[in-house]
Structures are given as C-alpha cells and as structure tokens.
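Read off the chains here:
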Amino acid sequence: MPAKGVNIQARAHTAVAPRREDREPERPNGVRVQAADRTFSTRRGEVPALAGMSLHAAPGEIVAVVGPSGCGKSTLLELICGLQEPDAGNVQADPAALMPQRDLLLPWLDATDNAALALRARGTPREQAREAARPWLERFGLAGFERSRPAELSGGMRQRVAFLRTVLAGKPVLALDEPFASLDALTRLEMQGWLASLLARESRTVVLVTHDVEEAVVLADRVVVMSPRPGRTVAELRVLLPRPRHRTDPEVVALRERALEALGVPR
Amino acid sequence: MTPPARSGDGALAGVLRAEAGVARADVRLWNAAGRLLLSWRTIAILLVLLGAWELYVDLGGVDPLILPAPHQVARSLYDDRSLLWSNFLVTAQEIVFGILLAAAAGLALAVSLHLSRTLQRAVYPLLMGSQTIPIVLFAPLLVTWLGFGMLPKLVVIMLVCFFPIIVTTLDALAAVDPDLLKLMRTFDATRARTFRHVELPAALPGLFTGMKIAVVFAPIGAVLAEQAGSNSGLGYIVQEAIPQLLTARAYAAVFILSAFAISLFALLTLAERLLLPWAYEPRGESQ
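Residues numbered from 1 in each chain as written. Chains lettered and ligands numbered in written order. Predicted model: local features only at pLDDT ≥ 70, side-chain atom pairs only at ≥ 80, totals over all residues.

### Topic: the packing of helix α5 (residues 81-115) of chain B against helix α10 (residues 191-228) of chain B
Residues and elements named next belong to chain B.
Point 1. At a minimum axis distance of 9 Å, the contact between α5 and α10 shows a crossing angle of 135 degrees. Of the possible angle classes, the one that applies to α5 and α10 is oblique. Crossing handedness for the pair α5 and α10: right-handed. Touching T91, E94, I95, G98, I99, A102, A103, G106 and L107 of α5 are L207, G210, M211, A214, V215, A218, P219, G221, A222 and E226, all from α10.
Point 2. The residue inventory of the contact of α5 with α10, partitioned by class, reads twelve nonpolar, five polar and two charged. (Axes fitted to C-alpha atoms, helices over the stretch in contact; angles between N-to-C directions. Helix = DSSP H or I, 4+ residues; strand = E, 2+ residues; numbered from the N terminus. Parallel < 35°, antiparallel > 145°, perpendicular 65-115°, else oblique. Left-handed = near helix turned anticlockwise from the far one by under 90°. Contact = placed C-beta atoms within 7 Å. Nonpolar A, V, L, I, M, F, W, Y, C, P; charged D, E, K, R; others polar.)

Structure, rendered in structure tokens:
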C-alpha cells in the first residue's frame, strides 16, 4: 500500500492525460487534498490562489467549503477534478465530475440530451443515452419538460438539469461549484431541500463549494472554512445533526454563527 | 407571451399576427422575414425613389437612352424575359454553387484552423493575403487560364466569399465557453467528441452569418468574372447591351441580380431560423 500510495500521488491528475480510468483506484479514497499550493501567473504578476490548502472527504461524505469570494474555491474544485495540478502539495481524488457555477447547458439540446451529455461524451448512442436519462428527469421534477430547450426552462429547472448531467456522469465524486448561487432565495431553498433528499438516496462523495454558510450547515457532514486569498483551511466544523435539517433549528443556527465567526464576520 | 407589438413590425407580420390559428413560432418567423423584406416604410421609401427617378426622366432631365425611366426598365423585364431568364439561370447557378462551395471549404478550413494552432499560424496570413488580390485584374487572367466556362466564375466567387465565412465560423468556434470544455474533460470526453457535441453545433450560427455576408459579395464576383470573359450570364448581357444603347435591358439585368441576392439573403435567414431556432432564443443561462 505505501508504494501504491506514492504511485497514485505521482500519477494523479496529469493535465495532459484527461482520461482517468487507468488510474482509478480499486478502493474508493474519497478526496484528499494535502497542503496544496497553486499560483497563477498573470500580467500583473504572480497571484497565489491556494497556499497550504488541506481538505479531506471520506467516501460518501458531504463536505461543504465556504470562504470569502475569490479565495480559490473554484481552483480547489479544479484540482479535485484533475483539471489543474497543484504547484506543491498533494491531491488524491476518486474520479470527479464538475458542476460549474453557471449551468452551461447547450442551448441546442433539449433537457434530456443535456442531462445525457456525459453519456454521449463517453460514446453512448443517442437513443440509449436519452433512455438512461429519462427516469432521472422524472425523479428530478422535470417530467413534462424532457423536450424543452434550456431557454424554455426556469432557472431552477436549468440548475437541476445541470446537476443531473453531473450525476449521470457516474463519477464517485461530485464537485459542485456554488450550484445555487445564481438562483433567487426561494428557489434556492427549494433546491437545497431537494439536493438533501437526493444525496440521502445516492451515496456520493460531495465537495460543495458555497458562499452561503447556512446552505453549508444544512447540507453537509462537515464544513471547511477557507481564508481569503490565498486560500487555506482556517476552521473545520463537524455537523453531527440528524437529517432533515432546517435552517431555523437552534443547532443549525449555532453552527452557522460559529462558521461566520471563523470567516471573520463581526457579530 | 405574444410577440412584441413593436411599431417597426412589418405590415405582413401585422396581418399574420392578427390571424387566428397561426402558431406563435410561425408568426415570429414571418415577423422576421417581414421586417427584413416587406416593412411598409421600406416599400414607401422605395416607391418615393422610383417616383422621383420616373419624374426626372419623364420631365426631360436626361436622355432615356442614357438613363431609362423605371417603366422602361419594367417593360424590358417583360419584353426581354426569355433572354433575361436564360442568362439569369447561368448567373444564379454560378452564385449558388459558388456560395455552397465557399461554405463547404470555409467550414472545413475554419475547423482545421481551430483544431490546429500550428496550422492557424501558418495558414491564416495566407488567407488574409488572398483577400488583397485585386479581383478585377485577376478575373481576366483566370479566364485566360481556365476558359469561358463556369470554372473561373466559381474560383472568383470562392475567392471573395470564403474569407468572411472562415472568419465568422472561426470566431464562433473560439467563443465556446472554456468552462464547457473543462466540463467535457471531467466527463472523459475525447477531443473528437467534445468537438462533435459542443464546438461544431456552436459554430453553425457563425457559418450562417458568414454565408449571409457571402450572399452580398457573390453576385459582384459572378458578374466581374462574366465580364472578364463569357458568352452568357447577366454580366455578359449588361456588357453587350450598353454599346447597343439597350440601357433599359442593362438596368433590368441589374435589377434581377439585386432581387436575387435579396431573396437568397431572406432564404438563408429563414433557413437559419428553422434549422437553428435556439440561436434566436434568449440565452436564458443563469450567470
């Protein structure tokens, strides 16, 4: 095992080789980010995005990452998805599918084809891919909208199609980048409840990046609080509360306040 | 959600909108076509211009042999109809084939240049350079080389048409959201599948835009090539008519060519709305 660990570390997330089946570990590891540094060179010079960022998500665990805007949360997800390499430190992750902040649905495809995009990306024939996506659309509350193009869907529906697309990629890890940030407050609440019930049924390792502390506490098993740029972990809160949780539960409120305190928000 | 009742709507669109039972999508389609061709304001301006022209000639401002009045052009359209029609067919064929060839070549080239940075760096300056060739001078040389047939016309039309098509298609390919490409990578998509499912469909509106620009340039190329050496086509008709002082016939040929280009443009716009309806919907993407 030690030798193998080194091996995975050496091969993990090679940017030039996006196909990852060959380095998929036999046993799920979840996600492990250790002391990762990542710096970008821009015209204005070196911009450190992450400095000594650490995060662990056990298989099946839901970890929320909260932090001020621009703290490198999206960079963290790209490291986990293997889209970037850390400059220093170590990232090990089971294969992860990304759900970007914007829904990025393809405007020429209907909801079913959009949801099935990950299957098509692997070469599944169109009819077969649509067939596989269809029952999911109903479970995601999109019955009757299977043939609607994104322009005909509401913001919440588009976000659900985008989420379904990520789920149907069949990866053990879901990397969600502020999935509900663009929605209005009511729709966001609805979507949070709906995501909670879905994750209760589907066991996936989830790294949920959000700027909404309440959302983090309601949904996650653990909340990782990041510092302003360059991002690193400043606090980690376990959320050992039974589900379903409600945002007005006193324990939820207390944890939310602790997380806000860790973020440096004055009371 | 009724179509917006804008004052700029075409008269035809207004009638169609009022008509019950017409599907909303159809109304939108005709709205667009109407706005393009049949806006009553456009027609009114056109009528005023034609009237002024008619009066100017009729009141003796100019010799009708030098500038025929609109009614004389109209009469020539009727009297010379079989001659004009057979020569129109020649020119129309050159234009349609030329645009289709330019579209096929432009799409293929744009895709190759998009996929290979190296190729783009090597070939793009050559494409730019090809646009500096003075077509007016080059067309007779092409005729000398390739003869009086259709081939030199197609070459000239391709030369003036493929560049806008390449530029607009290449732009559309380059405008694909990089986050979308990242997403496809986390889905383990090969380069080819990412291209097929994401980039190629996104390029099609660009291809259409390029073809619409080409429709404007193609008739000019066709006529130039015909005048450089030909024994048929509307360009040839004009060239023959002027020394014989058959100016009404020459104007009739110009009118036909212009009307044909406008119809092609409208046809392309309609085809685009039918084939790529999504390109006309509001983006609706949550930002």
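### Some remarks on the interface of chain B and chain A
Point 1. Taken together, the contacts link 22 residues of chain B with 30 residues of chain A.
Point 2. Contributions of two or more residues to the side of chain B that touches chain A are made by α9 (178-186) and α10 of chain B.
Point 3. Partitioned by chemical class, the residues of the side of chain B that touches chain A number nine nonpolar, five polar and eight charged.

### Points about the sheet that holds strand β5 (residues 96-99) of chain A
Residue and element names in this part refer to chain A.
Point 1. On the basis of which strands lie adjacent, the open sheet formed by six strands has the order β5-β6-β7-β3-β8-β9 and mixed pairing. The open sheet is flanked by β5 and β9 (233-238), the only strands paired with a single partner. Going across the sheet, the axis of each strand differs from the next one's by a mean of 15 degrees, ignoring polarity.
Point 2. In the sheet, strand β8 (residues 222-226) pairs with β9 via five bridges, with the strands oriented antiparallel. From the neighbouring strand, M226 faces β9, where its bridge partner is T233. (Pairing = 2+ DSSP bridges.)

### Notes on the confidence of the model for chain B
Point 1. Summarising the model, chain B shows a mean pLDDT of 85, and 85% of its residues fall at 70 or more.
Point 2. Predicted complex, confidence summary: ipTM 0.81, pTM 0.78. (pLDDT = per-residue confidence, 0-100.)

### Points about the domain arrangement of chain A
Residues and elements named next belong to chain A.
Point 1. Taken domain by domain, chain A consists of domain 1 (27-95 + 171-267) and domain 2 (106-170).
Point 2. Its C-alpha centre places domain 1 at a distance of 25 Å from the equivalent point of domain 2.
Point 3. Contacts between domain 1 and domain 2 engage ten residues on the former and eight residues on the latter.
Point 4. In terms of residues, the side of domain 1 that touches domain 2 owes the most to one element, helix α7 (residues 185-201), which gives three residues.
Point 5. For the side of domain 1 that touches domain 2, the class distribution of residues is five nonpolar, two polar and three charged. (Domains from an automatic or database assignment.)

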